[in-house]
Structure formats: structure tokens, C-alpha cells
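Below, each chain spelled out in residue letters.
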Amino acid sequence: MRLRNVPGSREYIEASPYAIKNPEDLKGKWRDIFNKNADAPLYVEIGTGKGQFISKHAIDNPDITYIGIEKFSSVIIRAIDKAENLELKNLKFIRFDAEYIENIFAKNEVDKIYLNFSDPWPKDRHAKRRLTSSNYLSKYNNILTPSGTIEFKTDNRSLFDFSVEQAKESGWNIDMITYDLHNSPYCEGNIMTEYEERFSSLGVPINKMILSR
């Protein structure tokens, strides 16, 4: 369970150069803060957790700009710590609720969205809150470039089945799908989150799909 209140976490975030304080002001101008050219890819992870996944990607791909979004202060400070210790120049974080993601990214601004082990919101009445619901897929459609993609991983089969149906109903292409990532041809080059490491070590199958227009 995530701790939502850690004393001093918000002050820590405010003081860090790796945390963006007013993301709405950067809508359409994200590459400017990294001194990247207009063609530099911009990848966003929604629900970045403690930052292992996105930090490893940033290390391996210095020419790509990465933004990690996490709404819990107590979690994102761990991710910020990692980036600061690694002195990563192509990674920033936002403490933000993804419900309002269209307020901080312009149309066609994002090249890829990562959704890793998102909250399943198991009750039917909360289905619209799932990050792979048609509600959110519509938001992603607006901010992704025409060739942009979504990569989604989860150990929750019910959430995955729901997500597959939502993608189909919303008119997305499923370019890749597997119900057991770590025993599939798609595992090569896979970067794991902390959560993924823990549950895959217990033999829990990891589901993954990649979506495009």
C-alpha cells in the first residue's frame, strides 16, 4: 500500500530541480526545458512509482526526453532521488493527477506513453478511473503524435482484459499482445518496475500490449 503522506515530501519536491512545479506553463514547450530540438522524442510514464523503470530508460536513451508523472508525493520523492543520484539530464518528474493530462501536454506533443501496473480500480462504478478506459484513451489520443504508441503492462488479468476491450472499442490497433511477457519472445530488452520484479519472481504472469492508432 502506498503511503500518501510523508512529512516534508512536498517541500522536498518543491526544492528539487528534477521536479516541475508549474507543468501547465510548459504545455507545447516541453522540449525547451531539456534544450532538445523539435524532433527529439518525448516519452511519458503515467504512474511512475519509485522511478526504476523510467530512470533505466533515461540512462539507456540519452537522446530521448522522459517525463514521469506520479500523484503521490511520498512515492515520487523516491523517483526524484534516483534521478538526482544518477545525474540524469533527460528526465523530469511531475506530481500530478493524470486525469488532467491534456492541461499539460499539447496536441501531438507526446511520442509514447507508458502505463505500468496501474491501479485496477476493481469496482465497476470506478471503471472510468482506470488509466486504460476509453475516457483516458481519448485523452491520450489528443496528446500523442499520429505515430505515437501506448505500452501497457499489468499483472492484473481482469484489468488487462478490460483494457483490451476498451482499446478495440475505441478504435486503437493492438500491435503486440502477450499474457505472459517473461515467457514470450517480447521479453528481450524488457525493463522492469520494482513491482514487476517482485511479482514476476513469484511466478505471476505479466500481461503487456502495445497500442497505436
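First, a word on what this report is: a plain description of the structure on this page. (Residues numbered from 1 in each chain as written. Predicted model: local features only at pLDDT ≥ 70, side-chain atom pairs only at ≥ 80, totals over all residues. Heavy atoms only, no water.)

Let's talk about the overall build of the protein chain
- When its secondary structure is counted, the protein chain shows six helices and seven strands.
- Secondary structure elements of the protein chain, listed N to C terminal, follow the sequence α-β-α-β-α-β-β-α-β-α-β-α-β.
- Compactness check: the protein chain gives a C-alpha radius of gyration of 16 Å against a globular reference of 17 Å for 213 residues, within 12% of the reference.
- A principal-axis box enclosing the C-alpha atoms of the protein chain has dimensions of 40 × 35 × 35 Å.
- The proportion of buried residues among the 213 residues of the protein chain is 50%.
- A sequence separation of at least 24 residues applies to 76% of the contacts in the protein chain between residues at least 6 apart.
- When the 30 positive and 31 negative side-chain charges of the protein chain are each reduced to one mean point, those points stand 4 Å apart. (Helix = DSSP H or I, 4+ residues; strand = E, 2+ residues; numbered from the N terminus. Rg over C-alpha atoms; globule rule 2.2 N^0.38 Å. Buried < 20%, exposed > 50% of the residue type's maximum accessible area, 1.4 Å probe, protein only. Contact = heavy atoms within 4.5 Å. Lys, Arg positive; Asp, Glu negative; His and termini not counted. Charge placed at Lys NZ, Arg CZ, Asp CG, Glu CD.)

Remarks on the sheet that holds strand β1 (residues 42-46)
- Taking strand neighbours across the sheet as the criterion, the seven strands line up as β3-β2-β1-β4-β5-β7-β6 in an open arrangement whose pairing is mixed. Edge positions in the sheet fall to β3 (91-95) and β6 (173-178), since each of these pairs with one other strand and no more. Ignoring strand direction, the axes of neighbouring strands in this sheet form an average angle of 15 degrees.
- Bridge analysis of β1 against strand β4 (residues 110-116) gives four bridges, and the strand direction is parallel. Bridge pairing links Tyr 43 to Lys 112 in β4.
- Helix-sheet contacts for helix α4 (residues 134-143) involve β1, β4, β5 (144-154) and β7 (207-212), and the interaxial angle to β5 is about 140 degrees. (Pairing = 2+ DSSP bridges. Axes fitted to C-alpha atoms, helices over the stretch in contact; angles between N-to-C directions.)

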